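Next come the chains, spelled out residue by residue.
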Amino acid sequence: MLVSIIIPIYNISGYLRDCLDSCLRQTYKNVEFICVDDGSTDGSGEMADEYALDDPRFKVIHKPNGGLPSARKAGVEAASGDYLFHLDGDDDLPDNAIELLVNVAKSENADIVAGDYNMFDTREEKTYCDCRIEHALTGEEYLLFIMTQGLFNVWGKLIRRSLYLDNDVRIPANISIGEDLVAMTQLAFFSTKVCPCQSAVYNYYIRPTSMSKVTGNVTGALADRAIFAVEFVLNFLAPRVDDGLQWHLTEFVKRFVYEYMQSPYPVSLRRNELNRMLSFLKKQHFGRRSFSSLICTTAYYNLSLSKVITKFSILLKR
């Protein structure tokens, strides 16, 4: 079973060697490394070229800067493995990461295998993070997990390549925040079986200047740009899922609208997108009664008033 490790690279020369060396140390050897240089200007691309000269398993793609989604897309298109693994170029892997994931994929015939991971903060302190999946899930159950748990990182997972090849898995160009949410929602929908690997298979480093670490939260202060990702998920799932998931989708969108109302951004900035979301919520009767439902109901009739009420409630809590 060939595994393609896709590594997007953009101006991370200070971290890239650790990443690529961890790839070379993998105990599972039937791998290829797809390094996508996304227009780096600090020598990162040339560093990847050096590894390709020494090991034919390395393939290096040099492309103009287009952002993380386009770099990952280029890697997927160049891959030839049975499974794909996304690895950010400023992170690295435990030595047995791919072997552990492959063992689960083979024994369970899984479409997606999600592993635990280690998270290192800026002081290099390590925290062990559980993927929170306790047993095998259907694709529908995994969609529910994504909507309720908010864990949708595409990195650290072994993903059957045919999920990409057989389906139109895409990330529109206007999505720069929440692209993992968009990708994993589609992959979950098209998958049959998702399994956990209850061992750490990824070392995630919090670096404020890296390609993706500033995009970890789809709501709150980042809600302005994340709204495109949430709207994509809504448009993708609404016509495809049953009544049970429709309810959870309603709650997911409602939470986002409420978070947007709490954000520092004016509603006038994304009025059209918010109105489209609120139209869906109205059709779904806004879900259960709660303060967030009240805010969404008010927003349906008057976005500006809803924003004022939300700000006032925040001041009262303080």
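To be clear, the structure that these remarks concern was listed above.
Cut-offs applied
- Residues numbered from 1 in each chain as written.
- Predicted model: local features only at pLDDT ≥ 70, side-chain atom pairs only at ≥ 80, totals over all residues.
- Heavy atoms only, no water.
- Buried < 20%, exposed > 50% of the residue type's maximum accessible area, 1.4 Å probe, protein only.
- Helix = DSSP H or I, 4+ residues; strand = E, 2+ residues; numbered from the N terminus.
- Contact = heavy atoms within 4.5 Å.
- Core = buried A, V, L, I, M, F, W, Y, C linked by side-chain atoms within 4.5 Å.
- Pairing = 2+ DSSP bridges.
- Polar contact = N/O pair within 3.5 Å; in protein donor to acceptor, adjacent residues only side chain to side chain.
- Phe/Tyr/Trp six-rings, centres within 6.5 Å; stacked < 30°, edge-to-face > 60°.
- Lys NZ or Arg CZ within 6 Å of the ring centre and 35° of its normal.
- Axes fitted to C-alpha atoms, helices over the stretch in contact; angles between N-to-C directions.
- Left-handed = near helix turned anticlockwise from the far one by under 90°.
- Nonpolar A, V, L, I, M, F, W, Y, C, P; charged D, E, K, R; others polar.

Now for helix H3 (residues 68–78). Listing the buried residues of H3 in full gives Leu68, Pro69, Ala71, Arg72, Ala74, Gly75 and Val76. Contacts made by the buried residues of H3 are with strand E1 (3–9), strand E2 (31–38), strand E3 (58–63), strand E4 (83–86), helix H6 (162–165) and helix H7 (179–190).

Turning our eyes to something else, we now look at the nonpolar core. One finds Tyr142, Met184 and Leu249 to be the most contacted residues of the largest nonpolar core, which totals 65 residues. Considering each element in turn, this core owes the most residues, 11 residues, to helix H8 (residues 223–237). Filtering out sequence-adjacent residues up to four positions away, Met184 remains in contact with Ile112, Tyr142, Ile146, Phe152, Asn153, Val154, Lys157 and Ile159. Core analysis: the second largest hydrophobic core is formed by 38 residues, Ile7, Leu101, Val113 and Cys129 among them.

What follows concerns helix H5 (residues 139–149). Every buried residue of H5 is listed here: Gly139, Tyr142, Leu143, Phe145, Ile146 and Met147. Packing partners of the buried residues in H5 comprise strand E5 (112–120), strand E7 (157–160), H7, strand E8 (194–205), H8 and helix H9 (243–262). Just downstream of H5 lies Gly150, where phi reads positive at about 75 degrees.

Attention now goes to the pairing of E1. Most of E1 is tucked away, with seven of its seven residues classed as buried. Both faces of E1 are covered, namely the face carrying Val3, Ile5, Ile7 and Ile9 and the face carrying Ser4, Ile6 and Pro8. With seven bridges joining them, E1 and E2 adopt parallel strand pairing. Along E2, the bridge assignment pairs Pro8 with Val36.

The next point concerns the side chain of Ser22. Counting through the fold element by element, Ser22 comes out in helix H1 (residues 13–24). Only 2.6 Å separates the side chain of Ser22 from the backbone oxygen of Cys19, close enough to count as a polar contact. Among the polar contacts listed, one links the side chain of Ser22 to the backbone nitrogen of Leu93, at a separation of 3.1 Å. Other than its neighbours up to four places away in sequence, Ser22 contacts Asp92 and Leu93.

Right, let's get into the packing of aromatic side chains. Enumeration over the complete set of coordinates arrives at 16 aromatic pairs. Centroid distance Trp155 to Tyr204: 4.7 Å. Interplanar angle 25 degrees. Geometry classified as stacked. Residue Trp155 is found in the loop between H5 and E7, and its partner Tyr204 is found in strand E8; the two are separated by 49 residues along the sequence. Tyr204 matches Trp155 in its accessibility class, with the two residues each being buried. Connected via pairs of aromatic rings, a cluster forms that spans Phe85, Tyr117, Trp155, Tyr202 and Tyr204. The ring centre of Phe236 lies 4.1 Å from the NZ or CZ of Arg240, which sits over that ring. Stacked on the ring of Tyr300, the Lys or Arg Lys282 has its end atom at 5.2 Å from the ring centre.

A separate point is unusual backbone geometry. The phi angle at Asn11 is positive, at roughly 50 degrees, despite the residue not being glycine. Asn11 gets classed as partly exposed once you look at its relative accessible area, which sits at 28%. Located in the positive-phi region is Asn109, a residue other than glycine, with phi close to 50 degrees. With respect to the helices and strands, the residue Asn109 is situated in the loop between helix H4 (97–108) and E5. Accessibility expressed as a relative area gives 53% for Asn109, which makes it exposed.

All right, on to the packing of H9 against helix H10 (residues 271–283) then. Remark: H9 packs on H10, axes separated minimally by 10 Å, with the N-to-C direction vectors making an angle of 140 degrees. As H9 packs across H10, the resulting crossing turns out to be left-handed. Across the interface between the two elements, Gln246, Leu249, Thr250, Val253, Lys254, Phe256, Val257 and Tyr260 from H9 touch Leu274, Met277, Leu278, Phe280 and Leu281 from H10. In terms of residue class, the contact of H9 with H10 is made up of 10 nonpolar, two polar and one charged.

Residue placement: Glu259 occurs in helix H9. Exposure remark for Glu259: the relative accessible area of 27% places this residue in the partly exposed category.

Taken by themselves, the reported measurements are silent on function.
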